[in-house]
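Topology and contacts: notes
If you want the building blocks of each chain, they are given just below.
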Amino acid sequence: MGALAEKMGIVFTEFAIERSVATMPVEGNTQPVGLLHGGAYVVLGESLGSMAANLHAGPGRLAVGVDINATHTRSATSGVVTGVCTPIHLGRSMAVHEIVVSDDQGRRCSTIRITNMIRDLPA
C-alpha cells in the first residue's frame, strides 16, 4: 500500500479489478481551518487507482500514474471518507479509473480521475 497511505490511515476494504474501496480518517489529514486537505483526497484517489491498475496489469507488468485530476465539491470536517474506485478503461497499455470520495453521510466530496500507463517490468 505504501508508507504515505499508511501514515494517512488509508484502509482498503474491498479490492478487485472492477471495484476497489478504501477509507481514510479526516482527523490528521486536515488543512489549517479543519477541512480535509484537497491533497489528501488525491492521495486516497491515487492509492486506489494505482493499486487497481496494477491488479489489472497482472504479473510481470507495472502500472504507473501519468495523469490525475480532482474536483472537490464538498468539504469533510470529521469522521471518515470513503473512496470507491471503478474503471473507465482497462486496456493493455493504459488504465483509467474514476474515484468518488464521499463523507459519512454519503455526500460526494471529490471526484478523481487517474490514468496509469502499463508496461512490462524491466528485466
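Our subject is the structure that appears above.
Not measured: the values here are computed from a predicted model.

Glancing now at the side chain of Thr-115. Counting through the fold element by element, Thr-115 comes out in strand E6 (residues 108-120). Assessed through its relative accessible area of 9%, Thr-115 is described here as buried. When sequence neighbours within four positions are dropped, the list of residues in contact with Thr-115 reads Val-64, Gly-65, Val-66, Asp-67, Met-94, Ala-95 and Val-96.

A separate point is helix H2 (residues 38-57). Between its terminal C-alpha atoms H2 stretches 28 Å, which fits the 28 Å expected from 20 residues at 1.5 Å a residue. For H2, the complete set of buried residues consists of Ala-40, Tyr-41, Val-43, Leu-44, Gly-45, Ser-47, Leu-48, Gly-49, Ser-50, Ala-52, Ala-53 and Ala-57.

Moving on to the sheet that holds strand E4 (residues 80-90). With respect to topology, 6 strands assemble into an open sheet ordered E1-E2-E4-E5-E6-E3, the strand pairing being antiparallel. Two strands lie at the open edges of the sheet, namely strand E1 (11-15) and strand E3 (61-72), each paired on one side alone. For this sheet the average axis-to-axis angle between neighbouring strands, irrespective of direction, equals 20 degrees. In terms of strand pairing, strand E2 (residues 20-25) meets E4 through 6 bridges, oriented antiparallel. Pairing of Val-21 across the sheet is with Val-84, part of E4. Most of the contacts of H2 go to E6, to which it runs at about 40 degrees, and overall it touches E1, E2, E3, E4, strand E5 (94-102) and E6.

As a further point, take the pattern of salt bridges. Enumeration over the complete set of coordinates arrives at 4 salt bridges. We note a salt bridge from Asp-120 to Arg-61, for which the minimum N-O separation is 2.9 Å. Here Asp-120, found in strand E6, pairs with Arg-61, found in strand E3; they are 59 residues apart in sequence, far enough to count as distant. The class for Arg-61 is buried, based on a relative accessible area of 18%. Arg-107 is paired through a salt bridge with Asp-103; the nearest N and O atoms lie 2.8 Å apart. Using a relative accessible area of 36% as the deciding quantity, one classes Arg-107 as partly exposed. The buried category is assigned to Asp-103, whose relative accessible area is 8%.

Formed by 21 residues in total, the largest nonpolar core has its most connected members in Ile-10, Met-24, Leu-36, Leu-44 and Val-81. At the level of secondary structure, the elements contributing two or more residues to this core comprise E2, H2, E4, E5 and E6. Other than its neighbours up to four places away in sequence, Val-81 contacts Ala-22, Thr-23, Met-24, Val-26, Leu-36, Leu-44, Ala-76, Val-101, Ser-102 and Asp-103. Listed in part, the 5 residues of the second largest apolar core include Ala-53, Ala-57, Ala-95 and Ile-118.

Counted according to the given criterion, the structure contains 1 aromatic pair. Taking the centre distance of 5.8 Å and the plane angle of 85 degrees together, the rings of Phe-12 and Phe-15 count as edge-to-face.

Two strands pair when backbone bridges link them, and E3 and E6 are joined in this way by 11 bridges, in the antiparallel orientation. Residue pairing in the sheet places Ile-68 in a bridge with Ile-114 of E6. Here E5 runs beside E6; their pairing, made up of 9 bridges, is antiparallel. For Ala-95, the partnering residue across the bridge sits in E6 and is Asn-116. Hairpin connection between E5 and E6: a loop of 5 residues separates the two successive antiparallel strands, and Gly-106 in this loop has a positive phi of roughly 80 degrees.

Conventions adopted
Residues numbered from 1 in each chain as written. Predicted model: local features only at pLDDT ≥ 70, side-chain atom pairs only at ≥ 80, totals over all residues. Heavy atoms only, no water. Helix = DSSP H or I, 4+ residues; strand = E, 2+ residues; numbered from the N terminus. Buried < 20%, exposed > 50% of the residue type's maximum accessible area, 1.4 Å probe, protein only. Contact = heavy atoms within 4.5 Å. Expected span 1.5 Å × (residues − 1). Pairing = 2+ DSSP bridges. Axes fitted to C-alpha atoms, helices over the stretch in contact; angles between N-to-C directions. Salt bridge = Lys/Arg side-chain N within 4 Å of Asp/Glu carboxyl O. Core = buried A, V, L, I, M, F, W, Y, C linked by side-chain atoms within 4.5 Å. Phe/Tyr/Trp six-rings, centres within 6.5 Å; stacked < 30°, edge-to-face > 60°.

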